[in-house]
Amino acid sequence: MKVDTLIIGGGISGLSVGHFLSKKKSDFLLLEAQDKTGGIIQTEIHKKLICENGPNTILLNNTSIEQIIKDCGLWEDLIFPSENSEKNRFVFNNNKLTKIPLSLKEIIYTPILSLYGKLRLCFEIFVKKHKKDTTVFKFIKNRFGKEFHDKLIEPILSGIYAGKTKEMSSKHSIKLLWNLEQSHGSIIKGLFKIRKNKNKSKAFNFPSGLSQLTKAMGNSFSSKIRVDSSVSKIIKKDEGYEVSVNGNEIIYCNKIISTVPAYVLEKFIYDLNIKNILKKIKYCPIDVFHLGLKKEKIKNKIRGFGVLTKPDDKKKYLGILFNSQIFSHVSSKENELLTIMVGGENQKDLCRIESSKLEKIVVNEIKSLLNYEGEPFFKKKYRWKKAIPQYNLNQEELVEKIKEFQKKNPNFYITGNYFNGVSVSDCIEKASKLVEKFF
């Protein structure tokens, strides 16, 4: 079989590439190793509860994602979080749930930071900017103090990357803060300069969950998608590339776009330099628990988006999302739907516990937190052995190696969530730019 362009991977990156490419040409094929597309976006509906095994929201923060939603005819279906949930996000302070401060006034009055911790923030404007990339821990400690890092930044980033801030790259993990420091000499100065022109990005979901988007994307070029098609080998030829699929089929193509995770690409890419750097990319495990609770049995009612934890809290979970308070359509009015994340770099051992035992531990902690009577009427678990790629200090080397590879291998392009942006909206934007630039 011969095709001009071969897209490897049918997750959000691959589907986005396929969507934008279909506007320009028809001679392409998308291969997905699993029996369905969607990748980490997986919506399941049980007992009228809409559960997300992967991302629970997507940010509406660039023109590419706006375009793809409109192209799929879903713009009118967008559902945004409730105002109350957006304003109330919690961390533990002395084992008590405390609202994360979202404004200068709230920072002044928050009990999370001591008087010294608050005064230390004021000296950020006098700190010299970093000359080279460093860990998030060192970066935040230098600019704002260790207390600010430990009590606020660490739990917030655990909710995004589930990683260790003493290993994460500042330049790539907290790109906005890094760029503000580099361009303005101070994060605080930079925030004051951009806040007037900065519109707040909105999170969203859909009536049938986030899979509603990936299904619509796939339907727009369904004849160009093949599932259950695993790439095992790629050979570079003078006239293009020879791709082995499912061990016994050969596809010849002129162009390749890889959108698969680093650990998958590493298995079949032929260049040793990029193979070696791909091996260094860590993916942390995450266990996702969905619990259905009866509202009438919840004695300690918490109103908000969710709860984030830090290692010092000694909790058996990374965070909790109060899904039905964020989006009322995900459950009936008499019920509450919660999603609890366990694992990450700091809780790897928990993901090795036998499934039913870990479930009991998590349920007991949630029941204690909410003072819940009885057992949840619904329990569902999903385990990601390799969930979130870690943006550690090897990111700069990775980005450079990918650039070098693409320069040496014309018409072989690499994209995905393990570099230059981990979020769904990042992946869509990168796919759009890739197609616009090279096709």
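Residues numbered from 1 in each chain as written. Predicted model: local features only at pLDDT ≥ 70, side-chain atom pairs only at ≥ 80, totals over all residues. Heavy atoms only, no water.

Q: It is not clear to me how helix α7 (residues 146-160) should be interpreted in this structure. Could you clarify?
A: For an α-helix, the turn length of 3.6 residues means that residues three or four places apart are oriented alike. Here α7 contains 15 residues, and its C-alpha end-to-end distance of 20 Å stays within 8% of the 21 Å for a straight helix at 1.5 Å per residue. At Ile153, α7 is deflected by roughly 40°, the largest bend along its length, and proline Pro155 occurs up to four residues later in sequence. Tucked inside the fold, the buried residues of α7 contact β6 (89-93), α5 (115-122), α6 (136-144) and β14 (306-308). (Helix = DSSP H or I, 4+ residues; strand = E, 2+ residues; numbered from the N terminus. Expected span 1.5 Å × (residues − 1). Bend = angle between axes of the 7 residues up to and from the residue. Contact = heavy atoms within 4.5 Å.)

Q: Help me understand the pattern of salt bridges, please; the structure alone is not making it clear to me.
A: Taken as a whole, this structure holds 26 salt bridges when the rule is applied. The residue Lys282 makes a salt bridge to Glu345 at a minimum N-O spacing of 3.9 Å. A residue pair is termed long-range when its members are at least 10 positions apart, and Lys282 in the loop between α13 (272-279) and β13 (283-294) and Glu345 in the loop between β16 (335-343) and α15 (355-370) qualify at 63 residues. The partly exposed category is assigned to Lys282, whose relative accessible area is 34%. Among the ionic pairs, Glu345 bridges to Lys348, the shortest N-O distance being 3.5 Å. Residues participating in the shared-partner salt-bridge network are Glu167, Lys282, Glu345 and Lys348. (Salt bridge = Lys/Arg side-chain N within 4 Å of Asp/Glu carboxyl O. Buried < 20%, exposed > 50% of the residue type's maximum accessible area, 1.4 Å probe, protein only.)

Q: Please explain the environment of Ser211 as it appears in this structure.
A: Secondary-structure assignment places Ser211 in helix α11 (residues 211-219). Take Ser211: its relative accessible area is 8%, and that puts it in the buried class. Separated by 169 residues in the primary sequence, Ser211 and Gln42 have C-alpha atoms spaced 6.0 Å apart. Not counting the four nearest positions on each side in its chain, Ser211 is found in contact with Ile41, Gln42 and Thr43.

Q: Looking at this structure, I do not really get the layout of surface pockets. What am I missing?
A: Empty space among the atoms becomes visible once a probe the size of a water molecule is rolled across them. If you add up the space inside the second largest pocket, you get close to 1,100 Å³. Lining the second largest pocket are 45 residues, with Glu32, Gln34, Gly39, Ile40 and Pro261 positioned closest to its centre. Those elements that provide at least two residues to the lining of the second largest pocket are α1 (12-22), α11, β10 (231-237), α12 (262-268) and β17 (378-389). If you tally residues by element for the lining of the second largest pocket, the top one is β17, at seven residues. The residue inventory of the lining of the second largest pocket, partitioned by class, reads 19 nonpolar, 18 polar and eight charged. (1 Å grid on protein atoms, 1.4 Å probe; cavity = no way out; pocket = protein on both sides within 12 Å on 5 of 7 lines; lining within 4 Å. Points joined across faces, edges and corners; volume = space filled by probe spheres on them. Nonpolar A, V, L, I, M, F, W, Y, C, P; charged D, E, K, R; others polar.)

Q: Can you help me understand the nonpolar core in this one?
A: Among soluble globular proteins, nonpolar side chains are generally buried collectively. In this structure, Ile58, Ile65, Ile68, Ile69, Phe204, Phe206 and Leu213 are the most contacted members of the largest nonpolar core, which totals 33 residues. It is helix α17 (residues 424-438) that contributes the most residues to this core, six residues altogether. In this view, Ile58 contacts Ile41, Ile65, Lys202, Ala203, Phe204, Leu210, Leu213, Val424 and Ser425; residues no more than four positions away in its chain are not counted. Grouped together as the second largest cluster of nonpolar side chains are 31 residues, Leu31, Ile256, Ala262 and Phe419 included. (Core = buried A, V, L, I, M, F, W, Y, C linked by side-chain atoms within 4.5 Å.)

Q: I'm lost on the sheet that holds β14 in this one. Help?
A: Each strand in a sheet pairs with its neighbour through backbone hydrogen bonds, running either in the same direction (parallel) or in the opposite one (antiparallel). Taken together, the seven strands give an open sheet; going across it, the order is β7-β6-β14-β15-β16-β13-β17, and neighbouring strands pair in mixed fashion. Here the strands that pair on one side only, and so sit at the sheet edges, are β7 (96-99) and β17. With direction set aside, neighbouring strand axes in the sheet form an average angle of 25°. Inspection of the sheet shows β6 paired to β14 by three bridges, in the parallel sense. What sits directly across from Arg89, in β14, is Gly306. (Pairing = 2+ DSSP bridges. Axes fitted to C-alpha atoms, helices over the stretch in contact; angles between N-to-C directions.)

Q: I'm lost on the pairing of strand β12 (residues 249-258) in this one. Help?
A: In terms of strand pairing, strand β1 (residues 2-8) meets β12 through six bridges, oriented parallel. By the bridge assignment, Val3 is partnered in β12 with Cys253. Two elements, strand β11 (residues 240-245) and β12, share five bridges in a ladder whose sense is antiparallel. When the sheet's bridge partners are listed, Val245 is paired in β12 with Glu249. Taken together, β11 and the strand that follows it, β12, pair antiparallel across an intervening segment of three residues, in which Asn246 is found at a positive phi of about 55°. Strand direction decides the pairing type here: β12 and strand β18 (residues 412-414), joined by three bridges, are parallel. Bridged to Ile257 within β18 is Tyr413.

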